[in-house]
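Descriptive analysis of the structure
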Amino acid sequence: MNILAPSILAADVTKLGDEINATAKAGAKYIHIDVMDGVFVPKLSYGQCVVESIRKCTDAIFDVHLMIVDPIKCVEDFASIGADIITVHLEACEDVAATLKKIKECGCKAGLSIKPATKVEELKPYLELVDMILIMSVEPGLGGQKYIEASTERISAVREMINASGLNIDVEVDGGVYLGNLKMIIDAGANVIVSGSAIFRGDIADNTRKFLDIMQ
Ligand code: DX5
Ligand code: ZN
């Protein structure tokens, strides 16, 4: 099944609840929440307070993307305030396996992400511990960047690796996805699509429906 995960990084914070509801009502099943610490990535975004607050306005699945160093420290917190999926960066963990296990112990689905320069083979030892792999198709940390074309091959390679393992793992893609490259990304093997600017800039409901039409 293909799933749309609108990234609220591109939403208007003054209308966050309304904008989340607009995309959810139009059919988006996940809400992608980018947590940045100003260390793993240059900028800060938001943390537990915001997640806890928006949890009250929607039943959508919260797909929390932790762009923070040593994320194991925050896993329990995000799980307790309503995260459904917690994704950590392979490059940011001191102990990747322990972090993924902790996410599962807290009752969440576990995601593992890699930056564009990290080899997809590095994911292999952790496949048994994850529900989702997140392939970054831009450098993490900023919305509105251009999709890195080499990501398409990486998506295919990860999908092949998963198929060969016989495991049931989602492949999520994040960064620079818009209506024009969406089909190519799905065809390459992604089934969870993050999009910020292309959903929240303009008519949110209409953008969401257009994405979902292509993703069927
Ligand atoms: C970037 C974030 C993304 C970002 C995507 O580091 O992880 O989720 O919001 O934004 P767009 O879709 O605008 O590239
Ligand atoms: Zn993200």
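Now for a look at the structure at hand. (Residues numbered from 1 in each chain as written. Chains lettered and ligands numbered in written order. Predicted model: local features only at pLDDT ≥ 70, side-chain atom pairs only at ≥ 80, totals over all residues. Heavy atoms only, no water.)

**Observations regarding the coordination of the zinc ion (ligand 2)**
Of the protein atoms, only His32 (NE2), Asp34 (OD), His65 (ND1) and Asp174 (OD) coordinate the zinc ion (ligand 2), at distances of 2.0 to 2.3 Å. Taken together, the six donor atoms coordinating the zinc ion (ligand 2) and their angles of 69 to 167° define a geometry best described as octahedral. Mapping the donors of the zinc ion (ligand 2) onto the primary sequence gives the spacing H-x1-D-x30-H-x108-D. Taken as a pair, His32 in strand 2 (residues 30-36) and His65 in strand 3 (residues 61-67) lie far apart in primary sequence, 33 residues in all. This pair shows no difference in class: His32 is buried, exactly as His65 is. (Donors = N, O, S within 2.8 Å, 3.2 Å for Na, K, Ca; no water. Tetrahedral: all angles 85-135°; square planar, octahedral: opposite > 155°, others 65-115°. Helix = DSSP H or I, 4+ residues; strand = E, 2+ residues; numbered from the N terminus. Buried < 20%, exposed > 50% of the residue type's maximum accessible area, 1.4 Å probe, protein only.)

**Focus on helix 3 (residues 72-80)**
Regarding helix 3, the residues found buried are Val75, Phe78 and Ala79. Along the axis of helix 3, the buried residues cluster in a sector spanning 95°; they form a single face. Summarising the geometry of helix 3, the exposed residues directed more than 90 degrees from the buried face are Lys73, Glu76 and Ser80. Each element contacted by the buried residues of helix 3 is listed here: strand 2, helix 2 (48-54), strand 3, strand 4 (85-89) and helix 4 (96-105). Once helix 3 finishes, Gly82 follows within two positions and takes phi at roughly 115°, a positive value. (Arc of directions from axis to C-beta. Contact = heavy atoms within 4.5 Å.)

**Some points on the environment of Val41**
Mapping Val41 onto the fold places it in the loop between strand 2 and helix 2. Given the relative accessible area of 2%, Val41 is considered buried. Taking the C-alpha atoms as reference, Val41 lies 6.6 Å from Met67; in sequence the two are 26 residues apart. Dropping the residues within four chain positions of it, Val41 is found in contact with Met36, Met67, Pro140 and Gly141.

**Some remarks on the site of ligand 1**
Close to ligand 1 lie 19 residues, the nearest being Ser7, Gly141, Asp174, Gly196 and Ser197. Gly176 is positioned with one of its backbone polar atoms (N or O) 2.8 Å from an oxygen atom of ligand 1. Taken by itself ligand 1 offers 380 Å² of open surface, and the protein chains cover 99% of this. A per-class count over the shell around ligand 1 returns six nonpolar, 11 polar and two charged. (Near = heavy atom within 4 Å. Polar contact = N/O pair within 3.5 Å; in protein donor to acceptor, adjacent residues only side chain to side chain. Areas by Shrake-Rupley, 256 points an atom, 1.4 Å probe, with all protein chains shown as cover. Nonpolar A, V, L, I, M, F, W, Y, C, P; charged D, E, K, R; others polar.)

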